[in-house]
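This is what each chain is made of:
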Amino acid sequence: MLNTETPSNRHPDLDTYATPALLEAFIADQTAAVAAVKAAAPQLAAAVDAALPRIRAGGRLLYAGAGTSGRLGVLDSVELYPTFSWPRERAVAVMAGGAGAMFVAVEGAEDDRAQGAADLAALNPGPNDVALLLAASGGTPYVLGAIEAARAAGALTIAFANNPDAPVTQQAEIGITLDTGPEVISGSTRLKAGTSQKIALNTFSSALMVKLNKVYGNLMVDLKATNAKLVKRALALTVRASGASEAEAQAALGACDHHVKTALVMLKRGVSASDARALLDATDGSVSRALGT
């Protein structure tokens, strides 16, 4: 039996627990998710380094999964735009059951290997694309079909699974095993298996974005100020990173469509918005290099 399906021997009387003990059992078990991702750090690093040149060459991140894993892939793809200004068309997710399965479970869809291949192939993958294949069990037919289509197109395949020696990780070019073991509720991989995949995806995509010059120091300087909260965040980041007054930062941001990177170069180099953009273009978007630091 797969580790993720094996009943846990830690809480055989879970249904009799008082509420505080019940919550403690669930919360404490989540620590295994962090440990599993830490153990997979070398494979995650290899995945970032392998993906980076392809993405720099214009490739896309293509996510495929089913159920919880599929929804986590959608979540990661969607959040890259507001956080890092990553183009929406360069982070695309498919999941078993189609877009509606994001909101209503379509459990049988994960068994359709041919549909997984068709959905991934419909994205027209190419050699510069990076396919992220997600399956807690590691043997989901839909995801195995997606791997086949991605590999046939020459895309880099990176698979995430929660059982050792899983088919998805063995068939991908880079396999990342997040060995979280049995769940508190047997087989409910929306628990710590899902948590570990969320952490791993956050870690992978965030590290990739840092390598792509989307961060200055540890500041989120390439965000899209798409709402009032993010407009305030852009101002606070500009003030913090530039040392300018709030009024100076506001003026710079107003001249460059609230693009923090551009405003920083404007303020610290004493140049116009167009000159700041030219400096950033010449340094592949690196604020540090545009500032000569």
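In the nomenclature of an unreviewed UniProt entry, the protein is known as N-acetylmuramic acid 6-phosphate etherase of Pelomonas margarita. For the record of the protein, the UniProt heading Subunit (unreviewed entry) holds the text "Homodimer." Here is the UniProt Sequence similarities (unreviewed entry) comment for the protein, exactly as written: "Belongs to the GCKR-like family. MurNAc-6-P etherase subfamily."

(A) A look at the overall build of the protein. Across its full length, the protein holds 13 helices and 5 strands. Counting only C-alpha atoms, the protein reaches 65 × 50 × 35 Å along its principal axes. Of all 293 residues assigned to the protein, the portion counted as buried reaches 47%. Counted over contacts in the protein with a minimum sequence separation of 6, partners at least 24 positions apart contribute 66%. Of the roughly 13200 Å² of accessible surface on the protein, a fraction of 54% belongs to carbon and sulfur atoms.

(B) Spatial organisation of the side chain of Thr 140. Position of Thr 140 relative to the elements: it lies in the loop between β3 (130–135) and α6 (141–152). Its relative accessible area of 7% is what places Thr 140 among the buried residues. Setting aside chain neighbours within four positions, we find Thr 140 in contact with Ala 66, Glu 110 and Ala 135.

(C) How the structure looks around the environment of Lys 198. With respect to the element layout, Lys 198 can be found in helix α8 (residues 192–211). With residues up to four places along the chain from it excluded, the contact list for Lys 198 reads Leu 72, Leu 75 and Glu 79.

(D) Structural detail: the packing of helix α2 (residues 31–39) against α8. Across the interface, α2 lies against α8 with an axial gap of 8 Å and an inter-helix angle of 45 degrees. Overall, the two elements α2 and α8 adopt an arrangement that is oblique. Relative to α8, α2 is oriented so that their crossing is right-handed. On α8, the residues that touch Ala 32, Ala 33, Val 34 and Val 37 of α2 are Lys 192, Thr 195, Ser 196, Ile 199 and Ala 200. Grouping the constituent residues of the contact of α2 with α8 by class yields 6 nonpolar, 2 polar and 1 charged.

(E) Local environment of the UniProt feature "active site" (unreviewed entry) in the protein. UniProt's feature table lists "active site" (unreviewed entry) at Glu 79 and Glu 110, given in the numbering used throughout. The named residues occupy 32 residues along the chain; their greatest pairwise C-alpha distance, 24.1 Å, places them well apart from one another. Mapping Glu 79 onto the fold places it in helix α4 (residues 67–84). With respect to the helices, strands and loops of the structure, Glu 110 is situated in the loop between β2 (91–95) and α5 (113–121). Classification of Glu 110 by relative accessible area gives partly exposed; the value is 27%. Apart from the residues lying within four places of it in its own chain, the contact partners of Glu 110 are Ala 66, Ala 96, Thr 140, Pro 141 and Tyr 142.

(F) Spatial organisation of the nonpolar core. Counting residues in each nonpolar core, the largest one holds 31 residues, and the members touching the most others are Leu 61, Leu 132, Ile 158, Phe 160, Ile 176, Phe 204 and Leu 208. Looking at this core, the elements with two or more residues in it are α2, α3 (41–56), β1 (61–65), α4, β3, β4 (156–161), β5 (174–177) and α8. Here this core gets 6 residues from one element, more than from any other, and that element is α3. The next biggest cluster of nonpolar side chains, apart from the first, holds 25 residues, and it includes Val 94, Tyr 142, Val 143 and Ala 161.

(G) Seen up close, the UniProt feature "domain: SIS" (unreviewed entry) in the protein. Taken from the UniProt record, the annotation "domain: SIS" (unreviewed entry) applies to residues 51–214. The annotated region residues 51–214 carries 43% helix and 16% strand content, and the separation between its end C-alpha atoms amounts to 16 Å.

Thresholds applied
- Residues numbered from 1 in each chain as written.
- Predicted model: local features only at pLDDT ≥ 70, side-chain atom pairs only at ≥ 80, totals over all residues.
- Heavy atoms only, no water.
- UniProt positions renumbered as here; feature names shortened; annotations may be inferred.
- Helix = DSSP H or I, 4+ residues; strand = E, 2+ residues; numbered from the N terminus.
- Buried < 20%, exposed > 50% of the residue type's maximum accessible area, 1.4 Å probe, protein only.
- Contact = heavy atoms within 4.5 Å.
- Areas by Shrake-Rupley, 256 points an atom, 1.4 Å probe, with all protein chains shown as cover.
- Axes fitted to C-alpha atoms, helices over the stretch in contact; angles between N-to-C directions.
- Parallel < 35°, antiparallel > 145°, perpendicular 65-115°, else oblique.
- Left-handed = near helix turned anticlockwise from the far one by under 90°.
- Nonpolar A, V, L, I, M, F, W, Y, C, P; charged D, E, K, R; others polar.
- Core = buried A, V, L, I, M, F, W, Y, C linked by side-chain atoms within 4.5 Å.

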